[in-house]
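These are the residues of each chain, in order.
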Amino acid sequence: MKALVLSGGEGTRLRPFTYSMAKQLVPVANKPVLVHCLENLRNIGVRETAVVVGGHGAQIEKAIGDGSRFGMRITYLEQEAPLGLAHCVTLAAEFLGDEDFVMYLGDNVLAEGIAEAAAEFRRRRPAAQLLVTKVPDPRQYGVAEVDADGVVRALVEKPAEPRGDLAVIGAYFFTSAVHTATRAISPSPRGELEITDALQYLIEGGWTVTAQEYQGYWKDTGKIDDLLECNRVLLERMGTEDGDGTGPVAAGEIDATTVVEGRVVVEPGARVTGSRLTGPVVIGAGSVVRDCRIGPNVAVGQDCVLESAGIENSIVLEGASITDVPELRGCVIGRWARVRAQDDGPYNRLIIGDHTQAEVPV
């Protein structure tokens, strides 16, 4: 099985960060969302992956490389404009050939992986298999109408009156039948080749399209609130794959005056002095933390400098510096930003872009 990972798009809901970086490279729990995707693909045995990129293509290729660190070979395909998910399939048709493949949206996190779904697809091998999950407001999603055998009878995009609560999420499994569908459909009113239209073509043409309900944690990280929630959830699970998820893991340096509570990871080359770390927390490689209160639910990227700062429920990206800011809550601080406080705060929902010099309040 091959993979097609979609990593184009402008990421407008994540600005100001996506002015200067691809939304798929924004980190959760100190790991780019796209890396979470590629690791899930590696875990189901994928060895060849095409990554569709847009305006940040060179940046994505530099960050991800040739795929060797994931045990796969990666081919990059450029989509010149956002022409739809089904257009990405046509763009990758030569790469995919007649093989089965999984199409994965590169800004989606599926925390428990997709191994169960892949096994079900291989066992049943329909023309297409969707991953779906129950949502409280189906009107915001593409909704699958599914019968008792898991066969999809219809797909409706953002229905005003939903006939079910199963939203289609970011991983699709296909046989080569989908190429017939993508060649047959026309652009939608918004000028895109919609994967929903291709799937509906298969359904109406008598091909079997099934739905697998995803039981794990899923999040589309396209908005700041969703990014912070996903960061919290993944931090809470940090270390449980090889331990009990409690206590510190310190490849870096924690001095004797620092108090550590809960699951805290201090990566190689990081130094923490005179501070309180309340897990879950991860401190990135090469970062320096002095006289701070960090956590819970904080991911600090590599090469950051934090002095006399208090931070919780936040993401601090690579190279950021935060000095004399006693209370930051629910914040995202961009790469190489410099943040100081004019007063004691607290500061909630502070969003600082890359390379910004900020004195808060801003």
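The structure presented is a predicted model; accordingly, all values stated were derived computationally and were not measured.

Enquirer: Account for the overall build of the chain, with residues named and values stated.
Expert: When helices and strands are tallied, the chain shows eight helices and 31 strands. Here the C-alpha radius of gyration of the chain, 22 Å, is about what a compact globule of 362 residues would show, namely 21 Å. With respect to the principal axes defined by its C-alpha atoms, the chain has extents near 70 × 40 × 40 Å. Across the 362 residues that make up the chain, the buried fraction comes to 55%.

Enquirer: If you had to explain the nonpolar core to someone new, which residues and values would you point to?
Expert: Among the nonpolar cores identified, the biggest contains 54 residues, and Leu38, Leu41, Ile64 and Ile114 are the most heavily contacted of them. Contact partners of isoleucine 114, with chain neighbours within four places excluded, come to Asn40, Leu41, Ile44, Val102, Tyr104, Leu131, Ala171 and Phe173. Judged by nonpolar contacts, the second largest core, of 37 residues, contains Leu96, Ala127, Ala128 and Val152.

Enquirer: Account for the packing of aromatic side chains, naming residues and giving values.
Expert: Considering all chains together, one arrives at five aromatic pairs under this definition. Relative to phenylalanine 174, the ring of phenylalanine 101 lies with its centre 5.3 Å away and its plane at 35 degrees, an arrangement referred to as tilted. A residue pair is termed long-range when its members are at least 10 positions apart, and phenylalanine 101 in strand β6 (residues 101-105) and phenylalanine 174 in strand β11 (residues 166-174) qualify at 73 residues. A residue is classified by how much of its surface remains accessible, and phenylalanine 174, at 0% relative accessible area, is buried. Cluster of aromatic residues (ring-pair linked, three or more members): Phe101, Tyr172 and Phe174. Positioned above the aromatic ring of phenylalanine 95, the side-chain terminus of lysine 2 is 4.7 Å from the ring centre.

Enquirer: Please set out the pattern of salt bridges residue by residue, giving values where relevant.
Expert: What the rule picks out here adds up to 19 salt bridges. A salt bridge links lysine 23 to aspartate 107; its shortest N-O distance comes to 3.0 Å. Highlighted residues: lysine 23 in the loop between β1 (2-7) and β2 (27-28) and aspartate 107 in the loop between β6 and β7 (108-110), separated in sequence by 84 residues. Accessibility expressed as a relative area gives 16% for lysine 23, which makes it buried.

Enquirer: How would you explain the environment of isoleucine 311 if you had to name every residue and give the values?
Expert: Along the chain, the position of isoleucine 311 falls in strand β24 (residues 305-312). On the basis of relative accessibility, which here comes to 2%, the residue isoleucine 311 falls in the buried class. Separated by 34 residues in the primary sequence, isoleucine 311 and leucine 277 have C-alpha atoms spaced 9.9 Å apart. If near-sequence neighbours (up to four positions away) are discounted, isoleucine 311 is found in contact with Arg293, Ile294, Gly295, Val298, Leu306, Val316, Ile322 and Leu328.

Enquirer: Explain unusual backbone geometry to me, and be specific about the residues and the numbers.
Expert: The residue after glycine 279, namely proline 280, is reached through a cis peptide bond having omega 5 degrees. By secondary structure assignment, the location of proline 280 is in the loop between β19 (276-278) and β20 (281-283). Between glycine 295 and proline 296 the backbone carries a cis peptide bond, its omega angle lying at 0 degrees. Along the chain, proline 296 turns up in the loop between β22 (293-294) and β23 (298-300). In this model, lysine 158 sits at a positive phi of 45 degrees, which is unusual for a non-glycine residue. Structurally, lysine 158 can be placed in the loop between β10 (152-157) and β11. Assessed through its relative accessible area of 51%, lysine 158 is described here as exposed. One non-glycine residue, aspartate 303, adopts positive backbone phi at about 60 degrees.

Enquirer: Explain the side chain of threonine 49 to me, and be specific about the residues and the numbers.
Expert: Tracing the backbone shows threonine 49 in strand β4 (residues 48-53). Its relative accessible area of 0% is what places threonine 49 among the buried residues. Not counting chain neighbours up to four residues away, the residues in contact with threonine 49 comprise Ala3, Val5, Leu38, Leu41, Met72, Arg73, Ile74, Thr75 and Phe95.

Enquirer: Requested: an account of the side chain of aspartate 107, with residues and values cited.
Expert: Judged by its relative accessible area of 9%, aspartate 107 is buried. Every residue in contact with aspartate 107, bar those within four places of it in the chain, is listed here: Lys23, Gln24, Val33, Lys219, Asp220 and Thr221.

Enquirer: Let's hear about helix α7 (residues 195-204): which residues, and what values?
Expert: Counting buried residues along α7, seven of its ten residues qualify, which places the element largely inside the surrounding structure. Every buried residue of α7 is accounted for by Ile195, Thr196, Ala198, Leu199, Gln200, Leu202 and Ile203. Phi for glycine 206, located one or two positions after α7, is positive at around 95 degrees.

Enquirer: How would you summarise the environment of glycine 262 if you had to cite specific residues and measurements?
Expert: Within the secondary structure, glycine 262 sits in the loop between β16 (259-261) and β17 (264-266). Overall, the relative accessible area of 40% leaves glycine 262 in the partly exposed class. As a C-alpha pair, glycine 262 and valine 89 span 173 residues in sequence and 45 Å in three-dimensional space.

Enquirer: Lay out the pairing of strand β26 (residues 321-329) in plain terms, naming residues and giving numbers.
Expert: For β24 and β26, the ladder comprises six bridges, and the chain directions are parallel. Its bridge partner lying in β26, leucine 306 is registered against isoleucine 322. Bridge analysis of β26 against strand β28 (residues 338-341) gives three bridges, and the strand direction is parallel. Bridge pairing in β28 places serine 321 opposite arginine 338. Bridge analysis of β26 against strand β29 (residues 347-348) gives two bridges, and the strand direction is parallel. Each bridged residue has a counterpart across the sheet, and for arginine 329 the counterpart in β29 is asparagine 348.

Cut-offs applied
Chains are numbered independently. Their residues run from 1 in the order of the written sequence. Thresholds applied to this predicted model are a pLDDT of at least 70 for local features of residues and 80 or more for the giving and counting of side-chain atom pairs; totals over whole chains, interfaces and linings are not thresholded and use all residues. Side-chain calculation: all heavy atoms of the structure are included, whereas hydrogens and water are not. Counting from the N terminus, the helices are the DSSP runs of H or I reaching at least four residues and the strands are the DSSP runs of E reaching at least two. What the globule rule says is 2.2 Å times the number of residues to the power 0.38, and the radius of gyration is computed from C-alpha atoms. Each residue gets one of three labels from its accessible area relative to the maximum for its type: buried under 20%, exposed over 50%, partly exposed in between, using a 1.4 Å probe on protein chains only. As used here, the term nonpolar core means buried Ala, Val, Leu, Ile, Met, Phe, Trp, Tyr and Cys residues forming a set that is joined through side-chain atoms within 4.5 Å. Note on contacts: a residue pair qualifies if any of its non-hydrogen atoms lie within 4.5 Å across the two residues. Working definition: a ring pair exists when centres of Phe, Tyr or Trp rings (six-membered ring for Trp) sit within 6.5 Å. Plane angles under 30 degrees give stacked, over 60 give edge-to-face, the rest tilted. A positively charged side chain is recorded as over a ring if its NZ (Lys) or CZ (Arg) lies within 6 Å of the ring centre. The angle to the ring normal must also be within 35 degrees. A carboxyl oxygen of Asp or Glu within 4 Å of a side-chain nitrogen of Lys or Arg is what we treat as a salt bridge. Pairing between strands is defined by DSSP: at least two bridges between the two strands are required.

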